[in-house]
Each structure stands twice: as structure tokens, then as C-alpha cells.
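So you can see what is in the structure, the chains are spelled out below.
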Amino acid sequence: MLHRLTLGRIPAKPHTTFHDEDGRLLMEQMVTRQGFEGPYSILYYRTPPTDEFEVSPLKLPGFCPFELVKEQPLHRRHIKTQDLRPAGDYLTGRRTLMANRNLQIGLAKPCEPAGRFFSNGDGDELYFVNEGSGFVESVYGLLPFRRHDYVLIPKGTAYRLHLEGDRGTLLVFEGRPWLGIPGEYRNRWGQITDFAPYSHRDFRVPTELLAFDAKKHKVPFELVVKQADELSVHRYQHFPLDVVGWDGVLYPVAFSIHDYQPKTGLVHLPPTIHTTFAGEGFVVCSFVPRKVDYFERGDSRAIPCPYAHSSVDMDEILYYVEGNFTSRRGISSESISLHPQGVTHGPHPGTYQRSVGTERTDELAVMCDTYEPLRLTTTASGVEDKDYHLSWVRHESPGDQAWTSK
Ligand SMILES: [Fe+2]
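What counts, and where the lines are drawn
The residue numbers shown here count from 1 along each chain, following its written sequence. Reporting of local features is limited, given that this is a predicted model, to residues whose pLDDT is at least 70; pairs of side-chain atoms are given and counted only at 80 or more, and all residues count toward the totals for whole chains, interfaces and linings. For the purposes of this entry, the term helix denotes a DSSP run of H or I that reaches at least four residues, the term strand denotes a run of E that reaches at least two, and both are numbered from the N terminus. Only C-alpha atoms enter the radius of gyration, while the globule expectation follows 2.2 Å times N to the 0.38, with N the number of residues. Throughout, a residue-residue contact means that the two C-beta atoms, derived from backbone geometry, are no farther apart than 7 Å. Paired strands are those between which DSSP finds at least two bridges. Fitted lines through C-alpha atoms serve as axes, helices being fitted only where they are in contact, and the angles separating the N-to-C directions of these axes extend from 0 to 180 degrees. Domain limits in this description derive from either an automatic procedure or a database domain assignment. Charged means Asp, Glu, Lys or Arg here, nonpolar means Ala, Val, Leu, Ile, Met, Phe, Trp, Tyr, Cys or Pro, and polar covers whatever is left, Gly included. To sort residues by burial, count the other C-beta atoms lying within 10 Å of each one's C-beta; a count of 20 or more means buried, 12 or fewer means exposed, and anything in between means partly exposed. C-beta atoms are built from the backbone. For the purposes of this analysis, a nonpolar core is taken to be any set of buried Ala, Val, Leu, Ile, Met, Phe, Trp, Tyr and Cys residues that are connected through C-beta atoms within 7 Å.

## Some details on the overall build of the chain
Thinking step 1. Scanning the chain for helices and strands turns up two helices and 29 strands.
Thinking step 2. In terms of overall dimensions, the chain is globule-like: its C-alpha atoms have a radius of gyration of 23 Å, near the 22 Å expected for 406 residues.
Thinking step 3. Long-range contacts, defined as pairs at least 24 residues apart, comprise 78% of the intrachain contacts of the chain with a sequence gap of at least 6.

Encoded structure:
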């Protein structure tokens, strides 16, 4: 949900006659949020998008359905997603790692060409592309993406995600009922403010509409739909994404984490200063390379490394991408730490002191804070570093130079 965009041909007024090149009446479709009160887009189809001839259930174990661990003792956790093996495509290889009522966090490491299209009826989806590049093929057109992009796909969008060489590493957030640009980053006219950490110009939008291609699009066409954590396959005799034009504010966008404009304070600012996206009861933040806190008066200096803290209302997860955390014990790219509410967390021994006087951090990471506790799935538990929560009490090591902003 961003600014109004038009792609292709549309009639002068909504809900009026509009024909294709052969004089056939096109079918209009409104995609609306919050009933008819919220943001919307209007699309024009060559064939009505309602004539599926068959519907059948589908299960993709590990993604939908997933299994939560039965017992989850309260302590800090380290999920080693780097140990998950590539599997399937963007959809069949997706695995849910943790969940609460408002949020599901998953991971996909595809190694096959994208097969069926997918529409998530449970919430908006936010991909973070840790590895790979490619494009999203959706009812709104083609959207190219690159490594380290976020790709935001509105709830109910029929799409398919293609990766160059059919390989990549994708972190996926499913926000219920929504996930998008925080309200405080917009003015009363809906424009992104100059105080926000990005501008409208940083978001890339679909570039061209899809056209049916017999080599790429099989008939009958299959669309997998997720609703209430159940999957169904809808089959069509025609290509149901043959849209001649659309306009509106709902459509997929891509945003590079490297275009995020971080804020630095005189003294340390809370990690949520790096908020990038938000949903019901959670935020997604971007930690990017930047100058750090710069207070200096007499012998007193800013401490850039965050203090130990008890964020007693929030779980905090951090997905490590690259940067100076790599010397942190046990942590490497693709690690996810989960620091749950109820227990204190803070820097590893020695790093707090050593951060004084540093001027820059080169960390690159994606953080997510949630009000409702996250539960691990059996997939996450299967790649968990079970001793992580004890790593604070071990002896200080010369290798512990690294800290994160979390
Ligand atoms: Fe924290």
C-alpha cells in the first residue's frame, strides 16, 4: 500500500463499460481492504477471475500445516537457519519457524523452478531476500528484485516468485491482518514524511503486465490459496492473470535494505528507531551500516553497544545478514536469535566495554519485535543451538569484538 499507480489501460470511470481490442466487455475486479472502507485497487480481466472448475485441499507440511513444539522453556534461543537444506520452490520449500496470532516467520531456500502461483489470504507477506535475485510475477505485473531487497506482497495477491538459477535464501514474514508502512511515517495526506527513513522514490513497483505464455503458463492453471492456515488448489481452464490494466494503491513493491536511512543519536537510541515496516503487534526493523552514537564531554563518552535490557512486553528476534557480528560466538549469517520477553538480554561479555570509542558499525540485520510471544515450530527446534542461552556466562574471549544494536 503506497501511492496510487496505474499500469496498462483503464476506463475513465470505475464501474463503466470497458472493452478489449476485439470489442469484448472486460470484467472489472475490485480488491478492497477493511470491507469497502480501506485501500483498494481495481483490475480489468479478459476472462472473469471467478471460473475455477475444481478446488482441492493441499498440505505442505512444515509450512502449512506446521507443528509447534510442545514445550518451550523460557530462555534466549539461537536458530541456525544456515543448517536448513535447500528444498522445493518459493512455496513448496517454505518452512514456518515461529508464530503467534499476528505473525508467522518462515524461511525458504528454493532449488527448483517456481511452480504453482500462490495467494495468501491470511495476511500481507514481506520477503527479505538474503541471497538471490529474480522477479515476482503477479496479477499486478512483473516486479524485479535483487539481493537484500524487501518484497512486500499484499494479502490476496496471486503471484509466483522466480529466482535467478532457481536458487536463493528468503526470509518471509506473514503479518495478520496487515504488514506495511507504519502510520507514523505518513502525513495526514498519506504521503511518506520527510522524517521517515525512506521516501516514495525508494520503492520499486511492477513494471509491465503479464501476458499468457504457453511455455511458462500451464493450463489448467493452478493457484494455491492460503486461508485460515489451510491450503486449497484452485484450477482454471484459462490463464486467470490476463489483466489489461489496473489502478489503485494495493500492489507489490520492492525496497532495498541499503536504501534505508538509519538514524544515529548523541547517545544510544532504542532499536525500534530502525523500524522499517509494522503490523498488528509487531515491527520489522533494519540494522544497516552507519555511524554510531557520538556523545563526548570530558571523560564521559557514549556507549554505542546497547545496555542489557528487559523489554518486558516484547519478544525480539534478529536475523543476521552480514557484518561485524560474525566474530560473535556461534552466530553467523542466517542465524536467528530469539530473545523472549520475561528474561533480560544484553551484549556478550566484554563487548559493552570495547564498544566505547568506536565510530561505525557495519552490521546488516533484520530485527522483529512482537508483543505476543513467539512459539517455535519443530523445524526451528530441529536446527536450534541448544546451548546459546548459556553463552553469556562463559569466559570472555578475545574474539568477542562484535555487538549488535539489539
Ligand atoms: Fe533488545
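There's more to say after this.
## Section: the sheet that holds strand β2 (residues 27-32)
Thinking step 1. The four strands are arranged β1-β18-β3-β2 in an open sheet whose pairing can be described as antiparallel. Of all the strands in the sheet, the pair left with one neighbour each is β1 (5-8) and β2. Between one strand axis and the next, the sheet turns through 15 degrees on average, direction left out of account.
Thinking step 2. Pairing of strand β3 (residues 40-45) with strand β18 (residues 243-248), which is carried by five bridges, proceeds in the antiparallel orientation. Each bridged residue has a counterpart across the sheet, and for Tyr45 the counterpart in β18 is Val243.

## Let's talk about the domain arrangement of the chain
Thinking step 1. The domain boundaries assigned to the chain delineate domain 1 (5-75 + 82-256) and domain 2 (261-390).
Thinking step 2. On a C-alpha basis, the centres of domain 1 and domain 2 stand 29 Å from each other.
Thinking step 3. On the domain 2 side, the residues contacting the 37 residues of domain 1 number 37 residues.
Thinking step 4. Those elements giving two or more residues to the side of domain 1 that touches domain 2 turn out to be β6 (94-99), β7 (103-108), β9 (124-131), β14 (169-175) and β15 (179-180).
Thinking step 5. It is β6 that provides the largest number of residues to the side of domain 1 that touches domain 2, a total of five residues.
Thinking step 6. In terms of residue class, the side of domain 1 that touches domain 2 is built from 21 nonpolar, eleven polar and five charged.

## Some points on the sheet that holds strand β29 (residues 375-376)
Thinking step 1. Strand order in the open sheet made by the seven strands is β19-β12-β9-β14-β7-β6-β29, with antiparallel pairing throughout. Looking at which strands have only one partner, the edges of the open sheet turn out to be β19 (253-256) and β29.

## Some details on unusual backbone geometry
Thinking step 1. Cis geometry marks the peptide bond from Arg176 to Pro177; its omega dihedral reads -5 degrees.
Thinking step 2. Assignment of secondary structure puts Pro177 in the loop between β14 and β15.
Thinking step 3. The omega torsion of the bond from Val219 to Pro220 falls at 0 degrees, within 30 degrees of zero and hence cis.
Thinking step 4. Within the secondary structure, Pro220 sits in the loop between β15 and β16 (221-227).
Thinking step 5. The phi dihedral of His15 is positive, around 65 degrees, even though this residue is not glycine.
Thinking step 6. With 9 C-beta atoms counted inside 10 Å, the residue His15 sits in the exposed group.

## Quick look at the pairing of strand β12 (residues 149-153)
Thinking step 1. Counting buried positions over the five residues of β12 gives five, a clear majority of the element.
Thinking step 2. Taking every second residue as pointing to the same face, both faces of β12 are buried, with Asp149, Val151 and Ile153 on one and Tyr150 and Leu152 on the other.
Thinking step 3. Inspection of the sheet shows β12 paired to β19 by four bridges, in the antiparallel sense. For Tyr150, the partnering residue across the bridge sits in β19 and is Phe255.

## With respect to the nonpolar core
Thinking step 1. One finds Tyr127, Val151, Tyr319 and Ala365 to be the most contacted residues of the largest nonpolar core, which totals 78 residues.
Thinking step 2. Domain assignment of the residues forming this core places at least three in each of domain 1 (5-75 + 82-256) and domain 2 (261-390).
Thinking step 3. Contacts of Tyr319, omitting those with residues within four sequence positions, involve Leu171, Ile336, Ala365 and Val366.

## So, the environment of Leu142
Thinking step 1. Following the sequence through the fold, Leu142 ends up in strand β11 (residues 141-145).
Thinking step 2. On a C-alpha basis, the gap between Leu142 and Pro306 in space is 41 Å, while along the polypeptide they are 164 residues apart.
Thinking step 3. Residue contacts for Leu142: discarding those within four places in its chain leaves Phe135, Glu137, Pro206, Thr207, Glu208 and Leu210.

## Here we look at the pairing of strand β10 (residues 134-138)
Thinking step 1. Buried residues dominate β10, accounting for four of its five residues.
Thinking step 2. Relative to strand β13 (residues 159-163), β10 is paired through five bridges, and the arrangement is antiparallel. The residue bridging Ser138 from the neighbouring strand is Tyr159, located in β13.
Thinking step 3. Counting the residues in the hairpin turn of β10 and β11 gives two residues.

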